[in-house]
Amino acid sequence: MPIDQPSATRVAAALDKVAVGGPQLDKTCLYDLPSGIVQGCYQTGGARCLALEGSGRFLAAGRADGQVALLDLRAQPPAAYAGAQLAGPVDLVDFLPGPRLVAAQRPTGTDPAYVQLVRLDRGSDELARHIEVRRLFALGWRRAGLALLGERCGEDGCRLGIFGP
Amino acid sequence: MPRWALLALLGCACVRPQLGPPPQVEAAALSPLGGLAAIAVVRADGLREIRLWSRWPEVPDATLPTLHRSPIDALLFSPSGALIASAGLGELLVQRASDGVIVRAEPGAPGGEGSIAFSSDAHFVVST
C-alpha cells in the first residue's frame, strides 16, 4: 500500500495506524493501516524520530530543538503536550511499559548522551540524566527498568553492551 | 560439589570473554523486552550479517546472513521479537530471528534510521 507523502523519511506504526513525517516536514500525518487512508495531519515540527504507542493512543515526535511533541490522539480534537525537553537534538524516542515516554540525545563531540524518562500517567519525570557512553544505539525496557544499547569506554577499553542508566 | 568449584563456576559465568575490540556496527536494535540485542556488522569478506546476542556481542546467540550489499542503517525487532527488519539503500529485508529465514524482501527502500516500523501485531512492516 503506497502512501504519497514527499520528503517523508521517518515512520512509526501501531496496531491500525501509521505515522509518517520527517525533519523537513512541519506536520506528521497519520494513515489507517492497511487501507492507507489519511486520518489527519498534525503540527509536530520537523521530526528527527517518531514513535506511536502500541495501542495507537499517543504519538511522539523528537525535534532538532530538543522538544518532544506528544499528541493524545484519542482526545477530540487530538491534544498536544510537551512530552519531554532535551538540551539538544532528539535522536531517539519511544514508548515503554507504564506507560512511559523515553527520549534521548546521543553523545556529540562535546556533550554526553542524555536520557529523559517520563511517566505519562503522572506527567512527571522518572529519570533525567546524562549517560556516559561513547555511542548510544537504542533504548528498551527490562524487568529492572530502562535498558540502553550502546558502547561504554573504561580503563580496559570500549565495550558494546546492554546496560542500565 | 566443593565450595571452591562452585565459586570457580560462578566466576566463569561473570568473566567476560576477551575476544578483541567491539565489532564495527552499522546499525543496532534492542528487542522490545530489552534482553536481546541485534547488531548489523560487515564481515571480513565484505558480506553483512546480523548478530543476535544477550550478553556479549562477540559471542552471538545467533548469526543471520543477509543479502544487503549497501550499509545497513536501520534495524528493528518486531514487537514480539520474532522478526527482525533491516534496511539499507535500496533494500528492505524481514527475517525470522529464530533461524534467519527471509520472509520478505523489498527492493527500493531508501533506508535510514527510523525508516522502518512494524505494526503492533507484526502483520505489517512499513518503510519510507
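The structure we're discussing is the one just above.
Reading guide: rules and limits
- All residue numbers refer to position in the chain's written sequence, counted from 1.
- Labels follow written order: the first chain is A, the first ligand is 1, and so on.
- Only residues with pLDDT of at least 70 get local features here, since the model is predicted, and only at 80 or more are side-chain atom pairs given and counted; chain-wide, interface and lining totals rely on the full set of residues.
- Only DSSP runs of H or I reaching four residues or more are called helices, and only runs of E reaching two or more are called strands; each is numbered from the N terminus.
- For the radius of gyration, the atoms used are the C-alpha atoms, and the globule rule reads 2.2 Å times the number of residues raised to 0.38.
- Three exposure classes are used. Buried residues have 20 or more other C-beta atoms within 10 Å of their own C-beta, exposed residues have 12 or fewer, and partly exposed residues fall in between, all C-beta atoms being placed from the backbone.
- When DSSP locates at least two bridges between a pair of strands, those strands are taken to pair.
- The contact criterion used here is simple: two residues whose C-beta atoms, placed from the backbone, lie within 7 Å are in contact.
- Amino acid classes used here: Ala, Val, Leu, Ile, Met, Phe, Trp, Tyr, Cys and Pro are nonpolar; Asp, Glu, Lys and Arg are charged; the rest, including Gly, are polar.
- Fitted lines through C-alpha atoms serve as axes, helices being fitted only where they are in contact, and the angles separating the N-to-C directions of these axes extend from 0 to 180 degrees.

Q: Lay out the overall build of chain A with the relevant residues and their values.
A: Scanning chain A from terminus to terminus reveals 0 helices and 15 strands. For 165 residues, the compact-globule estimate of 2.2 N^0.38 gives 15 Å, and chain A sits close to it at 16 Å. Each principal axis of the C-alpha atoms in chain A carries an extent, and together these give about 55 × 35 × 25 Å. Per-residue burial over chain A gives 45% buried out of 165 residues.

Q: I'd like a rundown of the pairing of strand β5 (residues 49-52) of chain A, residues and numbers included.
A: Residues and elements named next belong to chain A. Of the two faces of β5, the one holding Cys-49 and Ala-51 and the one holding Leu-50 and Leu-52 are both buried throughout. By the bridge criterion, 4 bridges tie β5 to strand β6 (residues 58-62) in an arrangement that is antiparallel. By the bridge assignment, Ala-51 is partnered in β6 with Ala-60.

Q: Lay out the interface of chain B and chain A in plain terms, naming residues and giving numbers.
A: Taken residue by residue, the interface counts 26 residues in chain B and 28 residues in chain A. Of all the secondary-structure elements, those providing two or more residues to the side of chain B that touches chain A are β1 (25-30), β9 (116-118) and β10 (125-127) of chain B. Sort the elements by how many residues they give to the side of chain B that touches chain A and β1(B) lands first, with 4 residues. Partitioning the side of chain B that touches chain A into residue classes produces 15 nonpolar, 10 polar and 1 charged.

Q: Give a description of unusual backbone geometry that names residues and reports values.
A: As a rule of thumb, non-glycine residues mostly have phi less than zero, and peptide bonds are mostly trans rather than cis. Residue Gln76(A) is joined to Pro77(A) through a cis peptide bond whose omega torsion reads -5 degrees. Here the amide bond leading from Gly98(A) into Pro99(A) is cis, since omega sits at 0 degrees, within 30 degrees of zero. For Pro99(A), the position within the fold is in the loop between β9 (92-96) and β10 (100-105). Its identity as a non-glycine residue notwithstanding, Ser7(A) has a phi of 70 degrees, on the positive side. Among the structural elements, Ser7(A) can be located in the segment before β1 (10-13). Take Ser7(A): there are 11 C-beta atoms within 10 Å of it, and that puts it in the exposed class. The backbone of Ala122(B) shows a phi angle near 65 degrees, a positive value even though the residue is not glycine. Within the element layout of this structure, Ala122(B) appears in the loop between β9 and β10. The exposure class assigned to Ala122(B) is partly exposed, which follows from the 17 C-beta atoms found within 10 Å.

Q: Account for the sheet that holds strand β13 (residues 135-142) of chain A, naming residues and giving values.
A: Residues and elements named next belong to chain A. Across the sheet, 3 strands lie side by side as β13-β14-β15; this open sheet has antiparallel pairing. In this open sheet, the two strands that pair with only one neighbour each are β13 and β15 (157-163). Taken pair by pair, the neighbouring strands of this sheet meet at an average axis angle of 15 degrees, ignoring direction.

Geometric values such as these leave the question of function open.
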